[in-house]
Amino acid sequence: MNIVVFVKQVPDTETRIQLKDGVVDTSSVKWVANPYDEFAIEEGLRIRERLGQGKVTVVSLGPDRVKEAIKYALSLGADEGVHVKGDEVALSDPLAVATVLAAAARKLGFDLILTGKQGVDHDWSQVGVMLAEILDLPHVSVVVHLEVDPDAKKGKAKREVEGGAELLEFDLPAVITAQKGLNEPRYASLKGIMAVKKKVIPEWSPADLGLDPASLAEGAATIRFVDFALPPPRPAGRILEGDPADTARELVRLLREEAKVI
Amino acid sequence: MAPTFAVLAETKDGVARKVTLEMLAEARRLAQSAGGGSVGAIALGPLDAGEPARLAQHGADRIVHVESASLTTYSAEAFCGAAQAALGQAKPDSLFIAATSQGKDLAPRLAARLRVGLASDCVGFEIRDGELVARRPIYAGKAFGRVSWSTARPRIATVRPNTFAALPADAARKAEVEKVALEAVNVRARVVGFEKSEGEMLDLTEANIIVSGGRAMQGPENFELLRRLCTVLGATLGASRAAVDAGWIDHSHQVGQTGKVVNPTVYIAVGISGAIQHLAGMSSSRTIVAINKDKDAPIFKVASYGIVGDLYQIVPKLTEEFAKVLRE
Ligand SMILES: Cc1cc2nc3c(=O)[nH]c(=O)nc-3n(C[C@H](O)[C@H](O)[C@H](O)COP(=O)(O)OP(=O)(O)OC[C@H]3O[C@@H](n4cnc5c(N)ncnc54)[C@H](O)[C@@H]3O)c2cc1C
Ligand SMILES: Nc1ncnc2c1ncn2[C@@H]1O[C@H](COP(=O)(O)O)[C@@H](O)[C@H]1O
């Protein structure tokens, strides 16, 4: 079973977002593998381990820095990694990203594609599902439980929705987008970290994938950011101290009479 | 030419959900601000007899309805085909889809099929120089970005529920219903069942009041304290990642950058320190209440109201007090 996992590199969630010259300042950002993609990687590894066969290939699109995210996935146990080269512009339009990643998937061949449900940078929540459409595959998004049967070419998934979970059956190959709860990601082992050093990470350009670079230029984007802003600071609050009964009573009064929200 | 908007009506058991009416209201406002554009509603699958009239009364000028056996239950593939067929008839410049689990599942598929831009989870719109511009949170609300679309049409946006107010029903408003047929769609991912989550609470993303517990709850049993407060307030229970990772409560309750991003009227954080990832998920709440024994906890920096003290003493008193005043 060939499993392709797409991993996006994003700023660490600890990052305090600041603007510089009107755009998000990423100069001192610590880059990490997108947290939801960790669930996707882990699920790929578990399926391979459960079946006792198969290959997990990790692909990331972006500038040179994204190699670190690929190496991280390799240190966890992924078999191979591919770096698809793209500048920041190529990363800004989800449809363009999905188009490039779909071409990479075709080149690799696959039985199952795993992505995160969302990149915690721009929070688009688009690329995984778009990949399915471009590759003419079924998809299940926001998945918290997954079973695959490669012989029958079938799978079962549970996906989180408002007020509960939907249970789905799907045909393989398919695209699955991972939600927290799918599994508990492992940590890299020392052996895994050592093994990364021996791995060669091929670099593919969009042209290697048969894509016209002009289709990925800024002017070709279907959507683009015009400007950015930080949320307005919240006014200082009323913090109460003292006897629990008194402060509780005062809080209820404030919420009803001052804020008028309860 | 005046701009045309369409709203993909999200329905449940044949009835349009509240978010559908919210999107109609925003589309109406934009159509008017752009100098008299029109607003269409697109309905996929079963629709109760009174619903077309209700959609019209809340802002739709025309209704395109696709009915087919493949649309009885939601599937991304059938709904995508149906939406495409309806768009062929409605031909809007802009299409709004609800940023719900269904809308977020469908919209990227539809945008990729039409090769048009999709702005997800929008919380504001404006018309600038005749072009639609959308405002959306990024980094879970640590910042906001405004986006615009290329010339490909329709522009698609998913719209966060509870962001816009529905218009009051106007009985004078009427709309014609146009039926569109759908050819059979090969559905390769089918919903075969549903598991209802515990209790009668509203989903976190729909809740008006949220009470969240953190590491200070010390175990699953103490969440009963918060459940009692939730019952009195009609609130939904949330949690920090620390409480989720400890296994005290299901991950579907997690609020934050890698949990749910929420914007209720009131958010009550109990024994939560206010880590940056937690704040990202809830700091757009209208009123934030913090209960924490450490007066230097970062949660107090975003709190509208707070109590410094031991939650095990304060929460029961608070529950008692709310029960008393809400009974009156
Ligand atoms: C990649 C990543 C993603 C993350 N995503 C999220 C996310 O989505 N959501 C999230 O919440 N976190 C997230 N986190 C975790 C986050 O960094 C914090 O670790 C977490 O929010 C802390 O939870 P807490 O506030 O409940 O616990 P703590 O930080 O331990 O705070 C407990 C608080 O309770 C107070 N307290 C203790 N006893 C009492 C008492 N008896 N009465 C009153 N107060 C008391 C303490 O003063 C303290 O402030 C993420 C972390 C990472 C690395
Ligand atoms: N540049 C990228 N390289 C690899 N995978 C990506 C990239 N961008 C998005 N993805 C995948 O698509 C998912 C959804 O991303 P997004 O649509 O940006 O929220 C991520 O969790 C990744 O699995």
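Treat the numbers as computed from the prediction; the structure is a model and nothing was measured.

Draft legend 1. Quick peek at the side chain of B:His278. By the element assignment, B:His278 lies in helix H7 (residues 276-282). A distance of 2.9 Å separates a polar atom in the side chain of B:His278 from a polar atom in the side chain of B:Tyr267.

Draft legend 2. Spatial organisation of the site of ligand 2. Residues and elements named next belong to chain A. Near ligand 2 there are 19 residues, and of these Phe6, Asp37, Gly119, Ser125 and Gln126 occur at the shortest range. Asn34 has a polar side-chain atom sitting 3.1 Å from an oxygen atom of ligand 2. For ligand 2, an oxygen atom lies 2.8 Å from a polar atom in the backbone of Gln126. Protein coverage of the free-state accessible area of ligand 2, which is 480 Å², stands at 99%. The set of elements that each furnish at least two residues to the shell around ligand 2 consists of strand E6 (55-62), helix H4 (94-108) and strand E8 (112-116).

Draft legend 3. The arrangement of helix H2 (residues 67-76) of chain A in detail. H2(A) sits mainly inside the fold: seven of its ten residues count as buried. Along H2(A), the residues classified as buried are A:Lys67, A:Ala69, A:Ile70, A:Ala73, A:Leu74, A:Ser75 and A:Leu76.

Draft legend 4. Spotlight on the pattern of salt bridges. Under the definition given, this model contains 48 salt bridges over all chains. A salt bridge links A:Glu160 to B:Lys260; its shortest N-O distance comes to 3.2 Å. You can see A:Glu160 sitting in strand E10 (residues 154-161) and its partner B:Lys260 sitting in the loop between helix H6 (241-245) and strand E16 (266-270), one on each of two chains. Both residues of the pair, A:Glu160 and B:Lys260, belong to the buried class. B:Arg190 serves as the salt-bridge partner of A:Asp171, at 3.6 Å between the closest nitrogen and oxygen.

Draft legend 5. Main features of the sheet that holds strand E7 (residues 118-122) of chain B. Residue and element names in this part refer to chain B. Taking strand neighbours across the sheet as the criterion, the seven strands line up as E7-E11-E6-E1-E4-E5-E12 in an open arrangement whose pairing is parallel. In the strand order of this sheet, the two ends are held by E7 and strand E12 (176-180), each with one partner. Here the strands of the sheet are splayed against their neighbours by 25° on average, with no regard to which way each runs. Taken together, the five bridges between strand E5 (residues 62-66) and E12 define a ladder with parallel strand orientation. Each bridged residue has a counterpart across the sheet, and for Arg62 the counterpart in E12 is Glu176. Each of strand E4 (38-44), E5, strand E6 (94-98) and E12 is contacted by helix H3 (residues 76-90), which is oriented at about 145° to E5, the strand it contacts most. The strands touched by helix H4 (residues 101-114) are strand E1 (4-9), E6, E7 and strand E11 (155-159); relative to E6, the strand with the most contacts, the crossing angle is about 155°.

Draft legend 6. Region of interest: empty space enclosed by the protein. Counting across every chain of the model gives one cavity of 30 Å³ or more. By volume, the largest cavity amounts to about 70 Å³. In terms of lining, the largest cavity is formed by A:His139, A:Val140, A:Ser141, A:Arg159, A:Glu166, A:Leu168, B:Tyr74, B:Ser75, B:Ala76, B:Asp105, B:Ala189 and B:Val191. Taken together, the elements giving at least two residues each to the lining of the largest cavity come down to strand E9 (139-149) and strand E11 (164-171) of chain A together with strand E13 (189-196) of chain B. Element by element, the count of residues in the lining of the largest cavity is highest for E9(A), at three residues. Counted by class, the lining of the largest cavity contains six nonpolar, three polar and three charged residues.

Conventions used here
For every chain, the first residue of its written sequence is number 1, and the numbers climb from 1 along that sequence. Here the convention is simple: chains get letters from A, ligands get numbers from 1, in the order in which they are written. Per-residue local features are limited, in this predicted model, to residues with pLDDT of at least 70; the limit for side-chain atom pairs, both in listing and counting, is 80 or more; totals at the level of whole chains, interfaces and linings are taken over all residues. In computing side-chain values, all of the structure's heavy atoms are included and hydrogens and water are not. Counting from the N terminus, the helices are the DSSP runs of H or I reaching at least four residues and the strands are the DSSP runs of E reaching at least two. Between N or O atoms, a polar contact is any pair within 3.5 Å; within protein, one atom must be a potential hydrogen donor and the other a potential acceptor, and residues adjacent in sequence are included only when both atoms are from side chains. Put simply, a residue is near a molecule or strand once any heavy atom of it comes within 4 Å of that molecule or strand. Note on areas: Shrake-Rupley, 1.4 Å probe, and residue coverage restricted to the protein chains presented here. Each residue is placed in one exposure class: buried if its accessible area under a 1.4 Å probe, protein chains only, is under 20% of its type's maximum, exposed if it is over 50%, and partly exposed if it falls in between. For salt bridges, the criterion is a side-chain nitrogen of Lys or Arg within 4 Å of an Asp or Glu carboxyl oxygen. Paired strands, as defined in this entry, are two strands with at least two bridges between them according to DSSP. A fitted line through C-alpha atoms represents every axis, and for helices the fit uses only the stretch in contact; the resulting angles, taken between N-to-C directions, go from 0 to 180 degrees. Residues count as neighbours in contact if any of their non-hydrogen atoms are within 4.5 Å of one another. In the cavity and pocket records, a cavity denotes points on a 1 Å grid over the protein atoms alone where a 1.4 Å probe fits but cannot get out, a pocket denotes an open set with protein on both sides within 12 Å along at least 5 of 7 lines, and lining residues are residues with an atom within 4 Å of a point. Grid points are joined across faces, edges and corners, and a volume is the space filled by probe spheres set on the points. Following the grouping adopted for this structure description, the nonpolar residues are Ala, Val, Leu, Ile, Met, Phe, Trp, Tyr, Cys and Pro, the charged ones are Asp, Glu, Lys and Arg, and the polar ones are all others, Gly among them.

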